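# Architecture and fold: a report
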There are 2 protein chains.
Amino acid sequence: MSNITKKVSWSSRGDELGPVGEGTPLLNGSEQPRHSRQFSEGGSLFQIDRLSTVDLEEEISAEEESARGQPKEIPHNSKLLSLKYESLDYDNSENQLFLEEERRMSFTGFRCLEISRWLICGLIGVLTGLIACFIDIVVEKVARYKYEAIKQNIERFTEVGGLSISLILWAVLNFSFVMVGSILVAFFEPVAAGSGIPQIKCYLNGVKIPRVVRLKTLVIKVCGVICSVIGGLAVGKEGPMIHSGAVVAAGVSQGRSTTLKKDLMIFEYFRRDTEKRDFVSAGAAAGVSAAFGAPVGGVLFSLEEGASFWNQMLTWRIFFASMISTFTLNFFLSISHNNTGDLSNPGLINFGRFESGVLGALFNFLNYWLTIFRIRYVHRPCLQVMEAMLVAAVTASVSFTMIYFSNDCQPLDSEHAEEYPLQLFCADGEYNSMATTFFNTPEKSVRSLFHNQPGTYNPLTLGLFTITYFFLACWTYGLAVSAGVFIPSLLIGAAWGRLCGIWLIWADPGKYALIGAAAQLGGIVRMTLSLTVILVEATGNVTYGLPIMLVLLTAKIVGDYFQEGLYDIHIKLQSVPFLHWEAPATSHWLTTREVMSSPVTCLNRIEKVGTIVDVLSNTSTNHNGFPVVVQPSKLCGLILRSQLIVLLKHKVFVELAGSRLTRRKLQLKDFRDAYPRFPPIQSIHVSQDERECLMDLTEFMNPTPYTVTQETSLPRVFKLFRALGLRHLVVIDDANRVVGLVTRKDLARYHLGKHGLEELHLAQT
Amino acid sequence: MSNITKKVSWSSRGDELGPVGEGTPLLNGSEQPRHSRQFSEGGSLFQIDRLSTVDLEEEISAEEESARGQPKEIPHNSKLLSLKYESLDYDNSENQLFLEEERRMSFTGFRCLEISRWLICGLIGVLTGLIACFIDIVVEKVARYKYEAIKQNIERFTEVGGLSISLILWAVLNFSFVMVGSILVAFFEPVAAGSGIPQIKCYLNGVKIPRVVRLKTLVIKVCGVICSVIGGLAVGKEGPMIHSGAVVAAGVSQGRSTTLKKDLMIFEYFRRDTEKRDFVSAGAAAGVSAAFGAPVGGVLFSLEEGASFWNQMLTWRIFFASMISTFTLNFFLSISHNNTGDLSNPGLINFGRFESGVLGALFNFLNYWLTIFRIRYVHRPCLQVMEAMLVAAVTASVSFTMIYFSNDCQPLDSEHAEEYPLQLFCADGEYNSMATTFFNTPEKSVRSLFHNQPGTYNPLTLGLFTITYFFLACWTYGLAVSAGVFIPSLLIGAAWGRLCGIWLIWADPGKYALIGAAAQLGGIVRMTLSLTVILVEATGNVTYGLPIMLVLLTAKIVGDYFQEGLYDIHIKLQSVPFLHWEAPATSHWLTTREVMSSPVTCLNRIEKVGTIVDVLSNTSTNHNGFPVVVQPSKLCGLILRSQLIVLLKHKVFVELAGSRLTRRKLQLKDFRDAYPRFPPIQSIHVSQDERECLMDLTEFMNPTPYTVTQETSLPRVFKLFRALGLRHLVVIDDANRVVGLVTRKDLARYHLGKHGLEELHLAQT
């Protein structure tokens, strides 16, 4: 059991998640009746179908129960759906306060808001660019010192013997940098580990990953990524830029920092999930843009990952049609001009058919098992730091060994000079080619592989390098360090692409390196449109667009046959309730009746304070949204936990006798000030007298929640939920009575497996 | 009045629109009571709130009434909203038949469907590419003959005098081609006029433009565009490609052609608006891709125009953030590398700030008044043909005059040889520079302006050319010929861009030509992200991306200050109920109660055939969707006119006495076979006996329509409607009773004017 609840990553210290932890009775499905319709207490005005469990259905099957008896079973398989993740609220709560504010606001007011939005986007761009700039400069400067030092050391000992001292120097240097980076991440902010792309994907999808967009995360991410790149790990600094951009956006758009306890009192209008999400997607785009110099690619990345109702499959098909169209046009025009080979190089197009996706899938497969191993055995911060240091040492040693035993000597070319040419055992005026691939930041190595003259690399060098780097990169991704997988993938792909290019003698190996890089990266991350644009923008050459597209399409099709994309694997292994683009194709036979959570905890429009406190304090349910009803159980609104918390905190009570308001009228500002870190219910003290008071929810509830009937099919509900970014969808019967509630986990639970529709098990972990 | 109902364009022969024409009493608001609650007839089972006008609210204000008294008033102002346009149904009607089919379908079945989708997209790409290829080759070959002939003629007469013969030859040639193209368009298919982009925008937005995606339209479009380009008009062949691609997609995806009376019996699953729309967007993308060699740009175009819930403003802001980010990074990195000018050419960035948008806005402004003039006075096909021929003759004459009086002689350069160098009055070994700009297809002229050496063009030549071509292009757009505005805009922009480049001596005029072209086109059409990508892909040089973006952003901001984009102007002038991305900002004070149409024509679940026939035959209402209710007026479903028509055609009646079905059970196939040209109700004969029968709608209605309550705010309803692509949204009260219906025109009616929220008037025209 302890392996289940203690986890390495993302949110191992889920202090925001309420006290649902080990040994809570909820995990034993038998202790808590699923339909606790009988649970109702005196003193409340409305007693049927309420105050009972919802949002949590303990459908832990017999299979799962037995698994708990066998601690050897891996608990984090992909058949679980975690209940610990909360959702974000991308649907505005259009309550009276909100509508009043909107109606009061003049046309000029909306203009100003619009201008602020542009201003914030500009700021996000500038800050993200500066961060990228900072990382780049620091890495370059420090890496230069490191490589100079090692180079001098090696040169000193090559003749006299004693190269083991150089090895130790190299290993220790890497070791130290990685240790610093890893300690920062593992002990201070585990959510800063990795590239952050899966986390940002989840955020844009509507899942709340605790602490993912905090200032502290950003600081640790930046320091961590500098350390791991300088530490010589097989990582890139590009993925983390996307995360950094997102954090910058989340911070700037709120006009305050909770960490720094500083509120500038500006941009208060944007203090809600809907607005913040839009800015975060802008931030992620700015991150891509800064990392690859690909602004259009950045926009496409955000849209592929974040837009509510942008259908990826559809886009992809549209893209396909576009591509075919250009191709046909080019082909026939080139025939008509008696110049059939005109459409860039057809040799490129026929290439990279199969290996691309297979290698990517293999990478993902290995990383999948490695991640499961890590979740089981490497979950303590100190173990994580040790693993990172081990990887650093191994990377240095392997590199060194490879260089040592390589005898691929190339003549020193003054024109395309390598930055750190290592002579080693080569003749004077020559340098060791293997050394240059390792003895460099990965970005520079990629560039050399793309642009160096044919003949610069020996096939054996490339082959060995590919294999070694493949395993190193695979081992590295998922370590407790801030690091991206883009550049290592490109490097692996570029190496074997160039290898293929050398074998096909008539081709330019640089082009093949590019195509190989695209294939490898596409096979690992499985993005299509955005990745094409990113690569084209990064290479600055539109003519490679068509071959890159074809290779990415192939890589995705082949790769999807074996395994999902790397990011999706990591999301699934965390059991995140991630909503895909569409409901599973074969789910039309499911109706809302089967899918929804029922019975629902409802509140009355005028409700006893005591009842509300009890509902919120019920740690076994921990609901976040409550339909508001009037007699006889007719739906009249929806209120959120966060709103109730603010109401309780400000004691907006009405005494039973009269209708005297105990405090000043609540403003929208009070809710915004509390956003996004609403206090837990335990921190709010309500006296026994106050428990007897009433609370009028009319003004604060959303009076027009979206509703569906029980007969609605799952795809239809899914579409509504996904398109509008909902968090709670109320199910009503034909007399407008509340009969159920659909939340994210009810929909995310169904997925298409190998044998048709499958249902994931819900778990507290 | 006659000016109101007779219109030039789009759908001047609206034979599908039902017999609502001149003199219908509906136009006189007083004759038809708005709330005709009393209208109910005997024999039907349910009598309150039904069989009364909906979908049509005759809110023609006093202002408008008085306008009718003054026939001088221009009737097509932008304050009208036409009721003649039907909507498309992008929301599946999930009735029992549909659900049964979906549930019967196996996983393999869905796989096959998915594969068909890809196959169709491939086919669309191939066919669109072939069409582009055909147009390109034909235009090139025929234009070559034309220019060779004229060139020889001019050369013959230059020395001996008698150039007026050449002028006449030129004019007559242009004249004839344009006449053919114009006759085809004006007499055979008016919807093929223009670029077709506004029509495709409307289609993707959900408005049904009659005959816009028919085979006949495609044939006429292709012939028309060939004629008008060869006819030397100031037009391009690129815009029409987008329309052509869309028609190809609509045809291929349906697996049959109604025009050719050929049904291949394949792809029957795709015979509904939802699926067809997706293919049409793929077709439009393929068209862009074929026209500009810009596959990514094509995808973005489709998404900017078509995606349901892709927010353009948001995208644009995201894009802005991306751009700023790259810029910042580049800037600071270039400082850090002591090489501040590194980020392409900063000279380009500082350029094109203001004129760009202003010139575009001026173009749109002139074209706006010209279009209004045309709608009023040039609405008969023969007049349209004559106008087109006039323009052709004027274009030829003006070009000739310009060439004749120009003495911008340039030395013949064997390396960058012009295709048709005209010596005219120049010295031997020189050619007339003005002639080359006119004496060419516009595409080639644009290319020359971008790529020719500095010094090739004389500033005076460019200035005169810009002015002349500006007015010619403005006059040409909106003629009854198939023609695009992309290339003429680029040409104008390139000319004045190059002019500016020549003045700023230190700059490369070719680059400035590109930037000018982007600015001019952006100022006219006001696209951002997609246009940037299209231009970058078309020029094949990513480094111009940043300046192009900046110029397009500026052009849009400046242009929007004066006037809308050209396509939006034309859409507005046709009074199309176009739904923008969001509800107007200041519309929160409007609730569904004020917006909805009420009372609603409802049908009973088991309804008398006679009642249904009467409802459908009611030409004064012409409703398309009917809520289905059970006693006491509780909503239980929604049924469409088209479905009822199919039911009546197949006589799915139940006799009053027993429950005997008169015919075989209806299949989904019967509905698909009738799609999309459902017969009018008048063509279906129902005998007096049959009128007394009943019809059971249970199986055919959509039992789970989306609903809202009366208190829902306009922006909230708008979001639901837009995101899900709805056609009818049922408004219910707290007891699930139908109280109203929201349709497209109820939402499209509100827009943000200069003085805050304005309401458009509804009109039958």
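Residues numbered from 1 in each chain as written. Chains lettered and ligands numbered in written order. Predicted model: local features only at pLDDT ≥ 70, side-chain atom pairs only at ≥ 80, totals over all residues. Heavy atoms only, no water.

## Thoughts on the overall build of chain A
Cut-off, in case you're wondering: Numbered from the N terminus, helices here are DSSP runs of H or I no shorter than four residues, and strands are runs of E no shorter than two. In this analysis, two residues are considered to be in contact whenever any of their non-hydrogen atoms come within 4.5 Å of each other. Calculation of accessible area relied on Shrake-Rupley with a 1.4 Å probe; when residues are assessed, cover is drawn exclusively from the protein chains displayed.
Helix and strand counts for chain A stand at 29 helices and 18 strands. Considering only intrachain contacts with a sequence separation of at least 6, the fraction spanning at least 24 residues in chain A is 78%. For chain A, the computed accessible surface area is about 27800 Å², with 60% contributed by carbon and sulfur atoms.

## A look at the confidence of the model for chain A
All names here are of chain A. Convention followed: Values of pLDDT, ranging from 0 to 100, describe the predictor's confidence in every residue of the model.
Across chain A, the average pLDDT comes to 77, with 80% of residues at or above 70. When mean pLDDT is taken per element in chain A, strand β14 (residues 728–732) scores highest with 93 and helix α1 (residues 2–5) scores lowest with 38. Here residues 1–75 is modelled with pLDDT under 50, and outside its nearest four sequence neighbours on either side it reaches 174 contacts, counting other chains as well.

## Regarding the sheet that holds strand β15 (residues 738–743) of chain B
All names here are of chain B. Note the following rule: Should DSSP find at least two bridges between two strands, the strands are taken to pair. Axes, fitted as lines to C-alpha atoms, cover a helix only where it is in contact. Angles between the N-to-C directions of the axes lie from 0 to 180 degrees.
Spatially, 3 strands are ordered β13-β14-β15 in an open sheet, and the strand pairing comes out mixed. Two strands bound the open sheet, and with one partner strand each, they are β13 (707–709) and β15. Going from strand to strand, the sheet's axes swing by 35° on average, the running direction of each strand aside. In this sheet, strand β14 (residues 728–732) lies alongside β13 in parallel orientation, the contact comprising 3 bridges. The residue of β14 that forms the bridge with T709 is I732. Where helix α28 (residues 714–724) meets the sheet, its contacts fall on β13, β14 and β15, and the angle it forms with β14 comes to roughly 140°.

## Structural notes on the pattern of salt bridges
So the rule is basically this: What counts as a salt bridge is simple: a side-chain nitrogen of Lys or Arg found within 4 Å of a carboxyl oxygen of Asp or Glu. Only protein chains enter the area calculation, which uses a 1.4 Å probe; residues under 20% of their type maximum are buried, those over 50% are exposed, and those in between are partly exposed.
Evaluated as defined, the whole model comprises 57 salt bridges over all chains. Its salt-bridge partner being R526(B), residue D560(B) comes within 3.0 Å of it at the nearest N-O pair. Residue D560(B) is located in helix α21 (residues 545–562), and its partner R526(B) is located in the loop between α19 (509–525) and α20 (529–539); the two are separated by 34 residues in the primary sequence. On the basis of relative accessibility, which here comes to 4%, the residue R526(B) falls in the buried class. Among the ionic pairs, D746(B) bridges to K745(B), the shortest N-O distance being 2.7 Å. With respect to burial, D746(B) and K745(B) carry one shared label: buried. A single salt-bridge network, built from bridges that share partners, covers E114(A), R117(A), R272(A) and E275(A).

## Focus: the packing of aromatic side chains
Filter applied, for reference: Geometry of aromatic contacts follows a simple scheme: Phe, Tyr and Trp rings, the Trp one being its six-membered ring, pair when their centres are within 6.5 Å, and the pair is stacked under 30 degrees between planes, edge-to-face over 60, tilted otherwise. A ring is considered to have a charge above it if a Lys NZ or an Arg CZ atom is located within 6 Å of its centre and within 35 degrees of its normal.
Scanning the entire structure with this criterion turns up 27 aromatic pairs over all chains. Ring centres of F270(A) and F279(A) lie 5.3 Å apart, and the angle between their planes is 70°; on these two criteria the pair is classed as edge-to-face. A single burial state applies to F270(A) and to F279(A), both of which are buried. Here the aromatic rings of Y675(A) and F678(A) are separated by 6.4 Å at their centres, their planes lie at 70°, and the arrangement is edge-to-face. With a relative accessible area of 8%, Y675(A) lands in the buried category. Taken together, F267(A), Y269(A), F270(A) and F279(A) form an aromatic cluster joined through their ring pairs. Positioned above the aromatic ring of Y269(A), the side-chain terminus of R272(A) is 4.7 Å from the ring centre. Here R716(A) stacks its cationic end above the ring of Y706(B), 4.4 Å away from the centre of that ring.

## Considering the packing of helix α19 (residues 509–525) of chain A against helix α21 (residues 545–562) of chain A
Residue and element names in this part refer to chain A. Rules: Two helices crossing with the near one rotated counterclockwise from the far one by less than a right angle form a left-handed crossing, whereas a clockwise rotation gives a right-handed crossing. All residues other than Ala, Val, Leu, Ile, Met, Phe, Trp, Tyr, Cys, Pro, Asp, Glu, Lys and Arg, Gly among them, are scored as polar; the first ten of these are nonpolar and the last four charged.
Two numbers describe how α19 lies on α21: the axes approach to 8 Å, and their chain directions differ by 35°. In this structure, the crossing between α19 and α21 has a hand that is right-handed. Residues L514, I515, A518, A519, G522 and G523 of α19 pack against P547, I548, V551, L552 and A555 of α21. Residues of the contact of α19 with α21, tallied by class, amount to 9 nonpolar, 2 polar and no charged.

## Concerning unusual backbone geometry
In this chain, Y675(A) is followed by P676(A) through a cis amide linkage whose omega measures -5°. As for its placement among the helices and strands, P676(A) is situated in the loop between α26 (668–674) and α27 (688–691). Positive phi, normally seen in glycine, also occurs at F267(B), with a value near 55°. Non-glycine residue S575(B) carries a positive phi angle of around 55°. Its relative accessible area of 4% is what places S575(B) among the buried residues.

## What to know about the sheet that holds β14(A)
Residue and element names in this part refer to chain A. If you trace the 3 strands from one edge of the open sheet to the other, you get β13-β14-β15, paired in mixed fashion. Two strands in the sheet have a free side with no partner beyond their single neighbour: β13 (707–709) and β15 (738–743). Direction aside, neighbouring strands of the sheet carry axes that sit 35° apart on average. The sheet strands contacting helix α28 (residues 714–724) are β13, β14 and β15, and the helix crosses β14 at an angle near 140°.

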